[in-house]
Amino acid sequence: MRHRTWLGPLLVAVLLLAGCSSAERGGGGGDAQDRWRPRPGTTWQWQLDGRVDPRVDVPVYDIDGFENRASDVARLHRDGRRVICYINAGAWESFRPDSDDYPASVLGRANGWKGERWLDIRRLDVLRPLLAKRFDMCRRKGFDAVEPDLLDGYLNRTGFPLTARHQLAFNRMVARLAHDRGLSVGLKSDLPQIPRLVRDFDFAVNEECAQYDECASLTPFVKAGKAVLHVEYAVPNERFCAQSRRLGLSSMRKKLNLDEWRRPC
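Residues numbered from 1 in each chain as written. Predicted model: local features only at pLDDT ≥ 70, side-chain atom pairs only at ≥ 80, totals over all residues. Heavy atoms only, no water.

Participant: Help me out: how do you make sense of the state of the cysteines in this one?
Facilitator: Disulfides are covalent bonds that connect the sulfur atoms of two cysteines. Under the criterion given, the structure shown has three disulfides. Between the sulfur of C85 and that of C138 lies a disulfide, 2.1 Å long from S to S. Between C85 and C138, the S-S dihedral sits near -60°, and the bridge is therefore left-handed. Pair noted here: C85 is in strand β3 (residues 82-88) and C138 is in helix α3 (residues 124-140), with a separation of 53 residues, a long-range link. Across the pair, exposure class does not vary: C85 and C138 are buried alike. A disulfide bridge connects C209 with C215, and the sulfur atoms are separated by 2.0 Å. In this structure the cystine formed by C209 and C215 twists about its S-S bond by roughly 85°; its chirality is therefore right-handed. Like C215, C209 is buried. (Disulfide = S-S within 2.5 Å. Helix = DSSP H or I, 4+ residues; strand = E, 2+ residues; numbered from the N terminus. Buried < 20%, exposed > 50% of the residue type's maximum accessible area, 1.4 Å probe, protein only.)

Participant: Just to check I follow, could you spell out the pairing of β3 for this structure?
Facilitator: Looking down a regular strand, the side chains alternate between one sheet face and the other. Among the seven residues that make up β3, seven are buried, leaving the element largely enclosed by the rest of the structure. Side chains R82, I84, Y86 and N88 of β3 all project onto a buried face; the interleaved residues V83, C85 and I87 project onto the opposite face, where all are buried too. Bridge count between strand β2 (residues 60-64) and β3: five bridges; the pairing is parallel. Bridge pairing in β3 links D64 to Y86. Between β2 and its parallel partner β3, the chain crosses via helix α2 (residues 70-78), and the hand of that crossover is right-handed. Here five bridges tie β3 to strand β7 (residues 145-149), and the two strands are oriented parallel to one another. Directly across from I87, in β7, lies its bridge partner P148. (Pairing = 2+ DSSP bridges. Right-handed = clockwise from strand over helix to strand, strands pointing away.)

Participant: Is there a simple way to think about the side chain of N111 in this case?
Facilitator: Of note, N111 is situated in the loop between β5 (107-110) and β6 (116-119). From its side chain, N111 meets the backbone nitrogen of W113 in a polar contact 3.0 Å long. Within the structure, the side chain of N111 is placed 2.9 Å from the side chain of E116, a separation counted as a polar contact. (Polar contact = N/O pair within 3.5 Å; in protein donor to acceptor, adjacent residues only side chain to side chain.)

Participant: What is the right way to read the pattern of salt bridges from this model?
Facilitator: Side-chain pairs of opposite charge can arise where the charged atoms are in close proximity. What the rule picks out here adds up to 19 salt bridges. Where D202 meets R37, a salt bridge forms, and the shortest distance between an N and an O atom there is 3.0 Å. One end of the pair, D202, is in the loop between α5 (194-197) and β9 (203-207); the other, R37, is in the loop between α1 (9-18) and β1 (44-47), with 165 residues separating them in the sequence. The exposure class of D202 is buried, given its relative accessible area of 1%. Here R134 and D98 are joined by a salt bridge, their closest N and O atoms 2.7 Å apart. Taken as a pair, R134 in helix α3 and D98 in the loop between β4 (91-93) and β5 lie far apart in primary sequence, 36 residues in all. Accessibility expressed as a relative area gives 2% for R134, which makes it buried. (Salt bridge = Lys/Arg side-chain N within 4 Å of Asp/Glu carboxyl O.)

Next up, the structure:
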């Protein structure tokens, strides 16, 4: 699920070369003019642990697409919220109902989270229809957007010889799948390729950019008028909120299990 990529500044530069607010309801559809996009500074809640607690007074919720029902999304909509569908795109999860649909040939190394293994993102022919079904589920349940997790496999030990070019192709495929269904889509991780991907994605989701001194890398989204939804786990608010406000990030502190607890900036 959630990951920290260990990447030094020099390697980031090399990969960059290699890779050369409101919540009002709106229309759907595949047209870019119709898709909802969170604006910089939009406050949000991120809860992936179990069914959503709808009592947090924020305009945007990011919740697990499998563990929540259409009625949960509808409840949030009635309260004036926009709702993002969390889906793991870059790893196989043994505990999901579609786990048997993934052939063994695309399953790589364990990624550090129980029941998860990296996917061979080079196999667009195999992964495209599987992810399409997941995004169809998000649309069917009424979500406004998708957060596809683990879009940075090429920076990790996956068991496959993945490159920045493979990741770029996979991430753009993911964005198209969402847009074809009228859903906005967030770029999760993959900081080195933000300059190449900011036009393909409608917002960004980031973990721990303050802890690892990476938050400035996310500013292309803010400059494009797109939100950066950001959390820290270990760093206290007083050490990152001032910078977050200066950069225009939508920041809060969360517990690692991503339950309902939050401490916003």
